[in-house]
Amino acid sequence: MTTSETLVQDLREAVSSGGLTVVYQPQFALDTGAPDGAPVAVEVLCRWTHEVDGEVPPSTFIPLAEDALLVEEIDLQVLEQGLEQILEWQRTGRAVELAANASPSHITLDYAEAVIARLAVIGIDPAFVTIEITETPTPQLLPDMRGALARLRAAGLTIAIDDFGAGDTTIDMVESLPIDEVKIDRSLTQRADAAADAIVTDVVARSNSQGWRVVAEGIETPEDLARSIARGCHRGQGYLLGKPMGVAEIEDLWLR
Ligand code: C2E
Ligand code: CA
Ligand code: CA
Ligand code: CA
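Keep in mind that what you see is a predicted model, and the values were worked out from it rather than measured.

**Remarks on the overall build of the chain**
Link 1 in the chain: For the chain, the count of helices and strands is ten helices and nine strands.
Link 2 in the chain: For a compact globule of 256 residues, the expected C-alpha radius of gyration is about 18 Å, and the chain comes in at 18 Å, within 12% of that figure.
Link 3 in the chain: Going through the 256 residues of the chain one by one, you find that 50% of them count as buried.
Link 4 in the chain: Partitioning the intrachain contacts of the chain with sequence separation of at least 6 by distance along the chain shows that 71% fall at a separation of at least 24.
Link 5 in the chain: As displayed, the chain offers around 11500 Å² of accessible surface, 52% of which is attributable to carbon and sulfur atoms.
Link 6 in the chain: The average position of the 18 basic charges and that of the 42 acidic charges among the side chains of the chain differ by 5 Å.

Written as structure tokens, this is what we have:
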């Protein structure tokens, strides 16, 4: 097992040599009947295969990248790979949106401008792109982040709060941010009790009145799917509907 110091060095090397890869997890509309056939969106997720340790999960390398100040570069590289891919899909008649993750530690005006510039260079309509904020911003990060999110939204991108219900983010905190989408964490999606129903239906009601989208994550069973539809979630994502996969497997979804 490689020590974490060596792992950080190896990660730095992977980032600078283009050694990170990506997979895509499909999202389906839940408000238009059974979620089969073509996905409405794909979430691009980063993958790193270490030469000794094999596949290192993002839950291990993203925190390392965070500490080593590599996460902004990773997020931009992953976004760029996703943009190139949806461009290719769009060219072959498969219009699909892209969602990419961003750590709040680097959501500044510089990051927003870098994102907008990449979309322009690659030639993707910002209406096809969602940036998912992966954790609750601390109060110190908020002022910088607000301006950056406003810039991204003004350019036409969609902003999502990821993993709602996993931490201590409340819907009141979410309502104070300039966003367009809430992703319901799998812990809430998979909870069948009345309290979880009440939390999610409240998020959906408030989101509907704000014009936001609600995406249920972690749909693993037909019950999770039925529950998410009954709660009014607009889109769904999870192993039942499609695991994170490579390009060829995503393309098969259009053939179903
Ligand atoms: P996330 O953004 O919440 O991404 C969804 C994670 O849940 C993915 O794990 C996915 O494989 C997993 N998942 C999807 N459906 C299901 C399901 O039905 N059941 C269960 N149990 N899990 C499901 P993954 O790819 O290991 O990523 C973990 C986290 O690492 C992501 O959570 C995200 O926070 C972070 N991450 C991944 N790629 C990036 C990236 O490029 N940039 C940043 N900043 N973070 C990333
Ligand atoms: Ca963090
Ligand atoms: Ca995410
Ligand atoms: Ca999530």
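**Some remarks on the coordination of the calcium ion (ligand 4)**
Link 1 in the chain: The calcium ion (ligand 4) binds to the protein through Asp162 (OD), Asp163 (OD), Glu217 (OE) and Glu217 (OE); the donor distances cover 2.1 to 2.7 Å.
Link 2 in the chain: Spacing between the donor residues of the calcium ion (ligand 4) along their common chain follows D-D-x53-E.
Link 3 in the chain: Separating the calcium ion (ligand 4) from the calcium ion (ligand 3) is a distance of 4.0 Å, and Asp162 supplies a donor atom to each of them. One end of the pair, Asp163, is in strand E6 (residues 158-164); the other, Glu217, is in the loop between strand E8 (213-216) and helix H9 (222-230), and 54 residues separate them in sequence.
Link 4 in the chain: Judged by its relative accessible area of 28%, Asp163 is partly exposed.
Link 5 in the chain: By relative accessible area, Glu217 is classed as buried at 13%.

**Looking at the coordination of the calcium ion (ligand 3)**
Link 1 in the chain: Ligation of the calcium ion (ligand 3) by protein atoms is provided by Glu43 (OE), Asn101 (OD1), Glu132 (OE) and Asp162 (OD), these donors lying 2.1 to 2.4 Å from the ion.
Link 2 in the chain: Each donor residue of the calcium ion (ligand 3) lies on one chain, and together they are spaced E-x57-N-x30-E-x29-D.

**Observations concerning the site of ligand 1**
Link 1 in the chain: Taken together, 22 residues lie near ligand 1, and Gln25, Arg47, Asp75, Glu220 and Tyr239 sit nearest.
Link 2 in the chain: Of all the secondary-structure elements, those providing two or more residues to the shell around ligand 1 are strand E2 (41-50), helix H2 (58-67), helix H3 (71-91) and E6.
Link 3 in the chain: With four residues, E2 is the single largest residue contributor to the shell around ligand 1.
Link 4 in the chain: Classifying every residue of the shell around ligand 1 by side-chain character gives eight nonpolar, six polar and eight charged.

**Description of unusual backbone geometry**
Link 1 in the chain: Positive phi, normally seen in glycine, also occurs at Leu69, with a value near 55 degrees.
Link 2 in the chain: With respect to the helices and strands, the residue Leu69 is situated in the loop between H2 and H3.
Link 3 in the chain: By relative accessible area, Leu69 is classed as exposed at 76%.
Link 4 in the chain: You will see that Asp163, though not glycine, has its phi angle at about 55 degrees, which is positive.

**A word on the packing of H3 against helix H4 (residues 109-122)**
Link 1 in the chain: Between H3 and H4, the least distance of the axes is 10 Å, while the angle of their chain directions is 25 degrees. For the element pair H3 / H4, the angle class is roughly parallel. Between H3 and H4 lies a crossing of right-handed hand. For the pair formed by H3 and H4, the contact residues are Glu72, Leu76, Leu79, Glu80, Leu83, Glu84 and Leu87 on the first element and Tyr111, Ala114, Val115, Arg118, Leu119 and Ile122 on the second.
Link 2 in the chain: A per-class count over the contact of H3 with H4 returns nine nonpolar, no polar and four charged.

**Some remarks on the confidence of the model for the chain**
Link 1 in the chain: Per-residue confidence for the chain averages 94 on the pLDDT scale, and 99% of its residues sit at or above 70.
Link 2 in the chain: With a pTM of 0.97, the predicted complex shows an ipTM of 0.97.

**Concerning the pairing of E6**
Link 1 in the chain: With respect to burial, E6 is a largely interior element, six of its seven residues being buried.
Link 2 in the chain: For the crossover that starts at strand E5 (residues 129-133), traverses helix H5 (residues 142-154) and ends in the parallel E6, the hand is right-handed.
Link 3 in the chain: Where E6 and strand E7 (residues 181-184) come together, three bridges link them in parallel fashion. Of the residues in E7, the one forming a bridge with Phe164 is Ile184.

**A few points about the packing of helix H1 (residues 4-16) against H2**
Link 1 in the chain: It is the contact of H1 with H2, at a shortest axis distance of 10 Å, that shows an interaxial angle of 80 degrees. Here H1 is positioned roughly perpendicular relative to H2, judged by the angle of their axes. Where H1 approaches H2, its residues Ser4, Leu7, Val8 and Leu11 are matched on the opposing element by Thr60, Phe61, Leu64 and Ala65.

About the criteria used
Residues numbered from 1 in each chain as written. Chains lettered and ligands numbered in written order. Predicted model: local features only at pLDDT ≥ 70, side-chain atom pairs only at ≥ 80, totals over all residues. Heavy atoms only, no water. Helix = DSSP H or I, 4+ residues; strand = E, 2+ residues; numbered from the N terminus. Rg over C-alpha atoms; globule rule 2.2 N^0.38 Å. Buried < 20%, exposed > 50% of the residue type's maximum accessible area, 1.4 Å probe, protein only. Contact = heavy atoms within 4.5 Å. Areas by Shrake-Rupley, 256 points an atom, 1.4 Å probe, with all protein chains shown as cover. Lys, Arg positive; Asp, Glu negative; His and termini not counted. Charge placed at Lys NZ, Arg CZ, Asp CG, Glu CD. Donors = N, O, S within 2.8 Å, 3.2 Å for Na, K, Ca; no water. Near = heavy atom within 4 Å. Nonpolar A, V, L, I, M, F, W, Y, C, P; charged D, E, K, R; others polar. Axes fitted to C-alpha atoms, helices over the stretch in contact; angles between N-to-C directions. Parallel < 35°, antiparallel > 145°, perpendicular 65-115°, else oblique. Left-handed = near helix turned anticlockwise from the far one by under 90°. pLDDT = per-residue confidence, 0-100. Right-handed = clockwise from strand over helix to strand, strands pointing away. Pairing = 2+ DSSP bridges.

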